[in-house]
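# Chains, contacts and geometry: an overview
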Amino acid sequence: MKDQINELRKDALNSLASVTSRLELDAWRVRYLGKKSCLQAVLKGLGSLPADERKIAGAETNRLKNELECLLREKQAALEAASAQSPGQQDSLDITLPGRPASLGRLHPVTKVLHEMGVIFTSMGFEVVEGPEVEWDYYNFEALNIPKEHPARDSMQTFWVDMPTGEKGWEMLLRTHTSPMQIRVMEKQTPPLRIIVPGRVFRYEATDTTHIPMFHQIEGLAVDKGITMADLKGTLYEFSRRFFGPERKVRFRVDFFPFVEPGVDMAVECAVCKGDGCRLCGQSGWIEILGAGMVHPRVLEAGGIDPEEYSGFAFGMGIERVPLLRYGIDDIRLFYSSDLRFLRQF
Ligand code: PHE
């Protein structure tokens, strides 16, 4: 009898050591302390023993029972403490809780603005085309009437790509604006043409609240017989009315770009101060958003189009400025710091 009890103890202790969950502990309890447990069987068997043996064996069995009950409570407490420390453990899973919804991504504010502009310009008959971000200096400068020694090259700090020059002696760079696509499109298509080119551009500039080395532009180009400055202004006024709202004032001023003649820049009334002057607009009340003008005859020629027969207008708009203006954001770097607390607001 004594051997049997010792065997039972050994067995119970061994199996308790491998218990890791409340479920397993419950099974252990049923097995060693329940109504149909081995312990109960031993207790039942006591009746058939001679009185003196029964007394000893009875005490022995009761001791084992107490011991196992005590171990059970200890193990229970240990498991509870462990699951309090790491909730979400298998046996604390509540299958009646609703599932966690999959979190949905969203479009970046700059992408959203590009899409919105695309909708406005395509409704006016412009077609969206895209071009290479790594470009030849021929398209980025030369064909746009910016020859090698022209000072306008200095105004666009360029990332040059260290590559052997192309077969035509052209050098490679990261495009500094979307204007090279004016030439590429004119080379391939015959007028009338109306295109917009959204895309990334790169400038070798130090980063601060208004400058980053990569930003976006949207280029516009229209070439046809008899296109005038009135078409340019009409198109851009209409764009501003639809994008910024009819009450926002628009201003054109003379500006210089080698690839247009005459050239202008367009500014919209500052959204923050409504023209009174504030920090965002540098106290001027206006914020310049694009350069534009009538396509220079030399540029038409470079694109294989006869400037005697055709004329055109072009514009190039900086994209990041627009959400900056719309939402009153004072640091352009926020767009590219991947901080979800910022990006989730749009
Ligand atoms: N490409 C010019 C820039 O990046 C903008 C521009 C485009 C000006 C087309 C005139 C016509 O500054």
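All of these numbers come straight from a predicted model, not from anything done at the bench.

### Remarks on the overall build of the protein
Looking only at helices and strands, one finds 11 helices and 10 strands in the protein. Relative to the 2.2 N^0.38 estimate, which gives 20 Å for 346 residues, the radius of gyration of the protein is 39 Å and therefore markedly larger than a compact globule would have. By principal-axis analysis of the C-alpha atoms, the protein measures approximately 130 × 55 × 35 Å. Considering the protein as a whole, with its 346 residues, one finds that 44% of them fall into the buried category. Pairs at least 24 apart in sequence give 66% of the contacts found in the protein among residues at least 6 apart.

### Here we look at the site of the ligand
The immediate surroundings of the ligand are formed by 15 residues, with His 177, Ser 179, Arg 203, Gln 217 and Gly 316 found nearest. One nitrogen or oxygen atom from the side chain of His 177 is found 2.9 Å from a nitrogen atom belonging to the ligand. At 3.1 Å, a side-chain N or O of Arg 203 approaches an oxygen atom of the ligand. Relative to its free-state accessible area of 330 Å², the ligand is covered by the protein chains to the extent of 91%. Taken together, the elements giving at least two residues each to the shell around the ligand come down to strand S6 (214–224), strand S9 (286–295) and strand S10 (311–318). The element best represented in the shell around the ligand is S10, accounting for 3 residues.

### Examining the sheet that holds strand S7 (residues 250–255)
Judged by pairing direction, the sheet is mixed, and its 7 strands sit side by side in the order S1-S5-S6-S10-S9-S8-S7 without closing on themselves. For this open sheet the edge positions go to strand S1 (127–128) and S7, each flanked by a neighbour on one side alone. Sheet topology note: the S9/S10 ladder contains 5 bridges and is antiparallel. Within S10, the residue paired with Met 294 across the bridge is Phe 313. The strands touched by helix H5 (residues 109–123) within the sheet are S1, strand S5 (193–202), S6 and S10, with S6 carrying the most contacts at an inclination of about 5 degrees. Along the sheet, helix H8 (residues 229–244) makes contact with S7, strand S8 (260–269), S9 and S10, crossing S8 at roughly 20 degrees.

### Section: the sheet that holds strand S4 (residues 172–174)
Pairing between sheet strands relies on hydrogen bonds along the backbone, with the strands arranged either parallel or antiparallel. What the 3 strands build is an open sheet, ordered S2-S4-S3; its pairing is antiparallel. Each edge of the open sheet carries a strand with a single partner, namely strand S2 (134–136) and strand S3 (160–161). Examined bridge by bridge, S2 and S4 share 3 bridges and lie antiparallel to one another. Bridged to Glu 135 within S4 is Leu 173.

### What to know about the domain arrangement of the protein
Here the protein is described as being made up of domain 1 (2–85) and domain 2 (109–343). If you average the C-alpha positions of domain 1 and of domain 2, the two centres end up 83 Å apart.

### Comments concerning the pairing of S6
Among the 11 residues in S6, 10 count as buried, and that is most of the element. Two strands pair when backbone bridges link them, and S5 and S6 are joined in this way by 10 bridges, in the antiparallel orientation. By the bridge assignment, Val 201 is partnered in S6 with Phe 215. In this sheet, S10 lies alongside S6 in antiparallel orientation, the contact comprising 8 bridges. When the sheet's bridge partners are listed, Ile 218 is paired in S10 with Met 317.

### Quick look at H5
Between its terminal C-alpha atoms H5 stretches 21 Å, which fits the 21 Å expected from 15 residues at 1.5 Å a residue. Restricting attention to buried positions, one finds in H5 the residues Pro 109, Val 110, Val 113, Leu 114, Met 117, Gly 118, Ile 120 and Phe 121. Packed against the buried residues of H5 are S5, S6, H8, S10, helix H10 (321–327) and helix H11 (340–343). Gly 125 sits one or two residues past H5 and shows a positive phi near 100 degrees.

What counts, and where the lines are drawn
Residues numbered from 1 in each chain as written. Predicted model: local features only at pLDDT ≥ 70, side-chain atom pairs only at ≥ 80, totals over all residues. Heavy atoms only, no water. Helix = DSSP H or I, 4+ residues; strand = E, 2+ residues; numbered from the N terminus. Rg over C-alpha atoms; globule rule 2.2 N^0.38 Å. Buried < 20%, exposed > 50% of the residue type's maximum accessible area, 1.4 Å probe, protein only. Contact = heavy atoms within 4.5 Å. Near = heavy atom within 4 Å. Polar contact = N/O pair within 3.5 Å; in protein donor to acceptor, adjacent residues only side chain to side chain. Areas by Shrake-Rupley, 256 points an atom, 1.4 Å probe, with all protein chains shown as cover. Pairing = 2+ DSSP bridges. Axes fitted to C-alpha atoms, helices over the stretch in contact; angles between N-to-C directions. Domains from an automatic or database assignment. Expected span 1.5 Å × (residues − 1).

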